[in-house]
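Reading the structure
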2 protein chains.
Amino acid sequence: MLIAGLFGLLLWCAGAGAQSDPLPSWNDGANKQAIIAFVDAVTTQGGPDYVAPSDRIATFDNDGTLWVEQPMYVQLAFALDRLKALSKQHPEWKDREPFASALEGGVKLLDEFGDKGVLQIVAATHAGMTTKQFDAIVTDWIATARHPETGKLYTSMIYQPMLEVMDYLRANEFKVFIVSGGGIAFMRPWTAATYGVVPENVVGSSIKTQFLLRGGVPIIFRLPEVEFIDDGPGKPVAIQRFIGKQPIAAFGNSDGDLGMLAWTKYGPGKRFVALVHHDDGKREYAYDKESHFGKLDKGLAAAKDHGFPLISMKNDWKRIFPD
Amino acid sequence: MLIAGLFGLLLWCAGAGAQSDPLPSWNDGANKQAIIAFVDAVTTQGGPDYVAPSDRIATFDNDGTLWVEQPMYVQLAFALDRLKALSKQHPEWKDREPFASALEGGVKLLDEFGDKGVLQIVAATHAGMTTKQFDAIVTDWIATARHPETGKLYTSMIYQPMLEVMDYLRANEFKVFIVSGGGIAFMRPWTAATYGVVPENVVGSSIKTQFLLRGGVPIIFRLPEVEFIDDGPGKPVAIQRFIGKQPIAAFGNSDGDLGMLAWTKYGPGKRFVALVHHDDGKREYAYDKESHFGKLDKGLAAAKDHGFPLISMKNDWKRIFPD
């Protein structure tokens, strides 16, 4: 009886696994089918497309691929919040650019000073403290900061269908990495709780740091100088540096992801790459060619030319955010 | 009967695990006891020193800590072998330094041109090809290259007692990383087979690379320019960059490891750091303060001042190499 019960339980578990839908927030359609067909192909032992677990590497962009990037990148909202807090000790910023524009808002900063202005604001707000201090600053901020339009925590403005893809890949012995243009030190404090991606699996942009003894105690100090921009051609370079293997699956949403997608797609064996297309102005945002953030222009053409899918948030996803 | 058999088997397995010696190549003594006591402490649930598996990070230097670094670093032997092979296409090297000295041998190169000369040889031998081509070059070389004095494959000149420490830590849910002054791209092709350390867990020095399309095919090209030296204060910086967590255990053997050991030791909770001391001229090599390779000078004083152990190859290890 006990043995029969045990076997029954085992069979029930196996059956539930095989029959349950791994991507319940996805509408049935070509893209959902393609993801499942890819995973089936590379995990079928003895099949022509089998890939050993050690080579099952999947990389995900973050902004616009895993969480919301409108009306501005979350990290820029963080930088501006921090700039405001620090401005009490820096009255001179009111009369000095790009600080004055940044204090008026992110779009004003970008319009007037572009990426260079953003990097100056990052230097002023992300450096000048130890790595542990910065970690604590981010942890405190992300625990309470809210999206300006929905009023929700940023960590709840994440895409449920993409969480399901990450879970599905991990359940099939993939190693899932984030490879983002965002700051590596800005992401690591919360990606494990939010996405299940541990700090050592997060790759991103960075500023320089220095190892020092302060009063005999070792610290790593954050310097106001860009070390690496993990965007565009930087993404494959960072993937090689941090992971040392070519991914077999990659997901992005903007032109900055095309290098990662190209590097992932053009290797031996079966591969899967896709771009999330923000075409749902009702439930999220609709943008591509003209956006300040997450611009998708060349990517639309590349998807056609190279035959990889655009994931339509409007048509492919039953819901956008977790409950 | 079947149930009794199953339970018996389970009990037997548990018993074997608890009673077997996790470090059979170590002599009983303070260092072996200290390693075991540390692992017991951080893995005892409910105990005062318990560390969650996600924070069980251990880092190991490679040259002189995991494998032999005398009579010269293995990677320098690789560079010189490659220099010789390439010299047929570069007759001008016979009359140009530091190439001419390097073609006479590694010690001559170091004596005449120091680290700067070595970096020039690295640039000439490690760059100018794609990452995949370099991977293949290293894979071919390491499969047949032999130690000049023992005639053994370099990958068999590894330290059995340290393999046991890595296995023991992994069995206790540690993540084990290599953090080496050696080239990250030189190590990754063989560390998984040799040490069980997968490429994404290898951190090392690097040259710059560039992502390019060549005939429409994406490649990453290796450039003759140093990107990062993962030694001394570079080691904690690289640990923070690649892993994003402070290790709780670290093993090295030279002054270049002191930054990593300091960064590992001075955090909250129980930690374990140690230096392997090459004091066995009979079974391996005896060297410290005066060595060209793996110089251990400040480290001898630091071990005393900060109270961390030196592992004596002569006294602590029953055997040095695997059978």
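Not measured: the values here are computed from a predicted model.

1. A word on the overall build of chain A
Of regular secondary structure, chain A possesses 12 helices and 7 strands. In terms of overall size, chain A behaves like a compact globule, its C-alpha atoms giving a radius of gyration of 21 Å where 323 residues would be expected to give roughly 20 Å. The proportion of buried residues among the 323 residues of chain A is 53%. Here the contacts in chain A between residues at least 6 apart in sequence split such that 65% fall between residues at least 24 apart. Surface summary for chain A: the accessible area is close to 14,300 Å², and the carbon and sulfur share equals 56%. Charged side chains in chain A number 33 positive and 38 negative. The centres of these two groups are separated by 3 Å.

2. Re the packing of aromatic side chains
Evaluation of the coordinates by the stated rule reveals 39 aromatic pairs over all chains. Judged by centre distance (6.2 Å) and plane angle (55°), the ring pair of Trp-141 of chain A and Phe-186 of chain A falls under tilted. Of this pair, Trp-141 of chain A sits in helix 6 (residues 131-144) while Phe-186 of chain A sits in helix 8 (residues 184-195), and the two are 45 residues apart along the sequence. Trp-141 of chain A sits in the buried class, given a relative accessible area of 11%. On the accessibility criterion, Phe-186 of chain A (2% relative accessible area) is buried. A centroid spacing of 5.0 Å and a plane angle of 5° characterise the contact between Trp-93 of chain B and Phe-99 of chain B, whose relative ring orientation is stacked. Feature note: the residues Trp-67, Phe-78, Phe-134, Trp-141, Tyr-154, Phe-186, Trp-190 and Tyr-195 of chain A constitute an aromatic cluster, connected by ring pairs. Over the face of the ring belonging to Phe-134 of chain B we find Arg-222 of chain B, whose NZ or CZ atom lies 3.9 Å from the ring centre. Seen from the ring of Phe-228 of chain B, Arg-241 of chain B lies directly overhead, with NZ or CZ sitting 4.5 Å from the centre.

3. Section: the interface of chain B and chain A
Taken together, the contacts link 34 residues of chain B with 34 residues of chain A. Counting the surface lost from both chain B and chain A, the interface buries some 3,000 Å², and carbon and sulfur atoms represent 63% of this. Counting the surface chain B buries against chain A, the share from its top three residues, Glu-200, Phe-211 and Arg-241 of chain B, is 21%. Linking chain B to chain A there are 6 salt bridges. Taken together, the links from chain B to chain A amount to 16 residue pairs in polar contact (both at pLDDT 80 or more). Tallied by class, the residues present in the side of chain B that touches chain A amount to 19 nonpolar, 8 polar and 7 charged.

4. Quick notes on the confidence of the model for chain A
Predicted coordinates in areas of low pLDDT are best not read in detail. Confidence in the prediction for chain A averages 94 pLDDT; 94% of positions are at 70 or higher. Between residues 8-17 of chain A, whose pLDDT stays under 50, and residues either more than four places distant or in other chains, the model counts 0 contacts.

5. Regarding the relation of the copies chain B and chain A
Overlaying chain B with chain A gives an RMSD of 0.0 Å, the required rotation being 180° about an axis along which the chain moves by 0.0 Å. On the angle and the small slide along the axis, the relation comes out as a two-fold axis. Relative to the rotation axis, the C-alpha of Phe-242 of chain B is the closest in chain B, positioned 3.3 Å from it. Both copies present the same face, since 100% of the interface residues in chain B are matched by interface residues at the equivalent positions in chain A.

6. Here we look at the nonpolar core
Among the nonpolar cores identified, the biggest contains 175 residues, and Phe-60, Tyr-195 and Phe-251 of chain A together with Phe-60, Tyr-195 and Phe-251 of chain B are the most heavily contacted of them. Here this core gets 8 residues from one element, more than from any other, and that element is helix 3 (residues 74-87) of chain A. Excluding residues within four positions of it along the chain, Tyr-195 of chain B makes contact with Asn-62, Leu-66, Trp-67, Ile-158, Leu-163, Met-166, Arg-170, Ile-178 and Trp-190 of chain B. Residues Leu-80, Leu-86, Trp-93 and Ala-102 of chain B belong to the second largest nonpolar core, which totals 14 residues.

7. A word on the sheet that holds strand 1 (residues 57-60) of chain A
Residue and element names in this part refer to chain A. Pairing in this open sheet of 7 strands is mixed, and the strands run 4-3-2-1-5-6-7 from one edge to the other. Single-partner strands in this sheet number two, and they are strand 4 (217-228) and strand 7 (310-312). Sheet twist, expressed as the mean angle between neighbouring strand axes with direction ignored, is 35°. Looking at chain direction, strand 3 (residues 202-214) and strand 4 are connected through 8 bridges and run antiparallel. In the sheet register, Thr-209 faces strand 4, and the bridge partner there is Arg-222.

8. Observations concerning the packing of helix 3 (residues 74-87) of chain B against helix 5 (residues 106-126) of chain B
Residue and element names in this part refer to chain B. Helix 5 packs onto helix 3 with a crossing angle of 70° between their chain directions and a minimal axis gap of 10 Å. On the basis of the axis angle, helix 3 is roughly perpendicular to helix 5. The hand of the helix 3/helix 5 crossing is left-handed. Together, Gln-75, Leu-76, Phe-78, Ala-79, Leu-80, Arg-82, Leu-83 and Leu-86 of helix 3 and Gly-106, Leu-109, Val-118, Ile-121, Ala-124, Thr-125 and His-126 of helix 5 make up the contact between the two elements. Class assignment for the residues of the contact of helix 3 with helix 5 results in 10 nonpolar, 4 polar and 1 charged.

9. Describing the environment of Lys-116 of chain B
As for its position among the elements, Lys-116 of chain B is in helix 5. Placed 18 residues apart in sequence, Lys-116 of chain B and Pro-98 of chain B show a C-alpha to C-alpha distance of 9.3 Å.

10. Digging into the side chain of Glu-200 of chain B
Structurally, Glu-200 of chain B can be placed in the loop between helix 8 (184-195) and strand 3 (202-214). Within polar-contact distance, the side chain of Glu-200 of chain B engages the side chain of Lys-175 of chain A at 2.9 Å. Within the structure, Glu-200 of chain B has its side chain in polar contact with the side chain of Lys-245 of chain A (distance 2.8 Å). Residues within four places of Glu-200 of chain B in sequence aside, it is in contact with Ile-57, Lys-175, Phe-177, Phe-242, Ile-243 and Lys-245 of chain A together with Phe-177 of chain B.

11. Topic: the sheet that holds strand 4 (residues 217-228) of chain B
Residue and element names in this part refer to chain B. Sheet architecture is open: 7 strands sit in the order 4-3-2-1-5-6-7, paired in mixed fashion. Of all strands in the sheet, those bounded by a partner on one side alone are strand 4 and strand 7 (310-312). On average, each strand axis in the sheet is inclined to that of its neighbour by 35°, with strand direction left out of account.

12. Concerning the pattern of salt bridges
For the coordinates displayed, the defined rule picks out 24 salt bridges over all chains. Glu-200 of chain A is the salt-bridge partner of Lys-175 of chain B, the closest N and O atoms lying 2.8 Å from each other. Taken together, the positions of Lys-175 of chain B in strand 2 (residues 175-183) and Glu-200 of chain A in the loop between helix 8 and strand 3 put the pair across two chains. On the basis of relative accessibility, which here comes to 29%, the residue Lys-175 of chain B falls in the partly exposed class. Overall, Glu-200 of chain A belongs to the buried group, its relative accessible area being 10%. Across the pair Asp-323 of chain A and Arg-319 of chain A runs a salt bridge whose closest N-O atoms are separated by 3.0 Å. Classification of Asp-323 of chain A by relative accessible area gives exposed; the value is 92%. Residues participating in the shared-partner salt-bridge network are Asp-21, Asp-28 and Lys-32 of chain A.

Analysis parameters
Residues numbered from 1 in each chain as written. Chains lettered and ligands numbered in written order. Predicted model: local features only at pLDDT ≥ 70, side-chain atom pairs only at ≥ 80, totals over all residues. Heavy atoms only, no water. Helix = DSSP H or I, 4+ residues; strand = E, 2+ residues; numbered from the N terminus. Rg over C-alpha atoms; globule rule 2.2 N^0.38 Å. Buried < 20%, exposed > 50% of the residue type's maximum accessible area, 1.4 Å probe, protein only. Contact = heavy atoms within 4.5 Å. Areas by Shrake-Rupley, 256 points an atom, 1.4 Å probe, with all protein chains shown as cover. Lys, Arg positive; Asp, Glu negative; His and termini not counted. Charge placed at Lys NZ, Arg CZ, Asp CG, Glu CD. Phe/Tyr/Trp six-rings, centres within 6.5 Å; stacked < 30°, edge-to-face > 60°. Lys NZ or Arg CZ within 6 Å of the ring centre and 35° of its normal. Buried area = accessible area lost by both parts, 1.4 Å probe. Salt bridge = Lys/Arg side-chain N within 4 Å of Asp/Glu carboxyl O. Polar contact = N/O pair within 3.5 Å; in protein donor to acceptor, adjacent residues only side chain to side chain. Nonpolar A, V, L, I, M, F, W, Y, C, P; charged D, E, K, R; others polar. pLDDT = per-residue confidence, 0-100. Least-squares fit on C-alpha atoms with pLDDT ≥ 70 in both. Core = buried A, V, L, I, M, F, W, Y, C linked by side-chain atoms within 4.5 Å. Pairing = 2+ DSSP bridges. Axes fitted to C-alpha atoms, helices over the stretch in contact; angles between N-to-C directions. Parallel < 35°, antiparallel > 145°, perpendicular 65-115°, else oblique. Left-handed = near helix turned anticlockwise from the far one by under 90°.

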